[in-house]
Amino acid sequence: VSKNGLLVFQDLFQNWAKHLEFDLESIVNVLIKKGNDTNIFISAEAEKSMLSMCSHCNETKVLNTILTHASNRSALVKEKVAKWWEQIIKKLRGKFKNFKEKDKLIDQIATYLSDASQDVRNCAKQAFSTFSNLYSKEEFEAMIMKSLNEQKYNKVKELLEKGFHTSMSCLL
């Protein structure tokens, strides 16, 4: 039943995304709960549903909804949040620099680079890698310099110089 319900969410996001935007908070809560299920089939469908939400719903509404879960103490939740942010970055592509919530997003991803969980750090690296590939080095550095404090900026700059190497656990 859970898996079928999650499949319905995928279809609803693909066809009725605007109508679901009013209920995103409660939907995200359900998807996060199901995404942490021990049954791999259910958690995989929850992940697909979240990716469908990121692809089809308004970016600002999705980002603001996901930001409420960014400070969750669970490494599994933070890992998923970082993956979803990467999807939003991919969706926005060149429009990202005009996105009004970009500073919040960049700051939170940079915060995840120092997380205790290796998987969360890898997903944050992957998100920054995706983000950096959208712009020239100068444009990317200007955006992160504007959005981050000196400590976080230096951490991201260090990663840039080393290159982004992520594990397969964060690749979608």
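Before any of the text, the structure's been laid out above.
All figures in this text were calculated on a predicted structure; none of them were measured in a lab.

Caption draft 1: Geometry of the overall build of the protein. Each helix and strand in the protein was counted, giving nine helices and zero strands. Mapped in sequence order, the helices and strands of the protein form the string α-α-α-α-α-α-α-α-α. Its C-alpha atoms give the protein a radius of gyration of 16 Å, within 12% of the compact-globule value 16 Å for 172 residues. When burial is assessed residue by residue, the protein has 49% of its 172 residues classed as buried.

Caption draft 2: Here's a closer look at the nonpolar core. Judged by nonpolar contacts, the single largest core of 52 residues is most densely connected at Ile66, Trp85, Phe128 and Phe131. Looking at this core element by element, the count peaks at eight residues for helix α5 (residues 75-92).

Caption draft 3: Region of interest: helix α8 (residues 137-147). Among the residues making up α8, those that are buried are Phe140, Glu141, Met143, Ile144 and Ser147. Down the axis of α8, the buried set is contained in an arc of 160 degrees. They therefore lie on one face. In α8, the exposed residues that point more than 90 degrees away from the buried face are Glu138 and Lys146. Those residues of α8 that are buried are in contact with α6 (102-112), α7 (118-132) and α9 (150-162).

Caption draft 4: Structural view of the pattern of salt bridges. Considering all chains together, one arrives at 10 salt bridges under this definition. Between lysine 78 and aspartate 115 there is a salt bridge, with its nearest N and O atoms 2.5 Å apart. In this pair, lysine 78 is assigned in helix α5 and aspartate 115 in the loop between α6 and α7, connecting sequence segments 37 residues apart. Here lysine 78 falls in the buried class, since its relative accessible area comes to 13%. Note that glutamate 79 is salt-bridged to lysine 83, the shortest N-O span being 3.9 Å. A residue pair is termed a helical-turn pair when its members lie 3 or 4 positions apart in one helix, as glutamate 79 and lysine 83 do in helix α5 at four residues. Taking the relative accessible area as the measure of exposure, glutamate 79 reaches 10% and is therefore buried.

Analysis parameters
Within any chain, residue numbers begin from 1 and follow the written order of that chain's sequence. With the structure being a predicted model, the display of local features is reserved for residues of pLDDT at least 70 and the display and counting of side-chain atom pairs for 80 or more, all residues being used for whole-chain, interface and lining totals. For the side-chain quantities, the full set of heavy atoms in the structure was used; hydrogens and water were omitted. Helix and strand labels come from DSSP, where a helix needs a run of H or I of at least four residues and a strand needs a run of E of at least two; each type is numbered from the N terminus. Taken over C-alpha atoms, the radius of gyration is set against a globule rule of 2.2 Å times the number of residues to the power 0.38. Only protein chains enter the area calculation, which uses a 1.4 Å probe; residues under 20% of their type maximum are buried, those over 50% are exposed, and those in between are partly exposed. We define a nonpolar core as any set of buried Ala, Val, Leu, Ile, Met, Phe, Trp, Tyr and Cys residues linked to one another through side-chain atoms lying within 4.5 Å. Note: the arc covers the axis-to-C-beta directions of the helix. Only heavy atoms enter the contact rule, under which two residues are in contact if any of them lie within 4.5 Å. We define a salt bridge as a contact between a side-chain nitrogen of Lys or Arg and a carboxyl oxygen of Asp or Glu at a distance within 4 Å.

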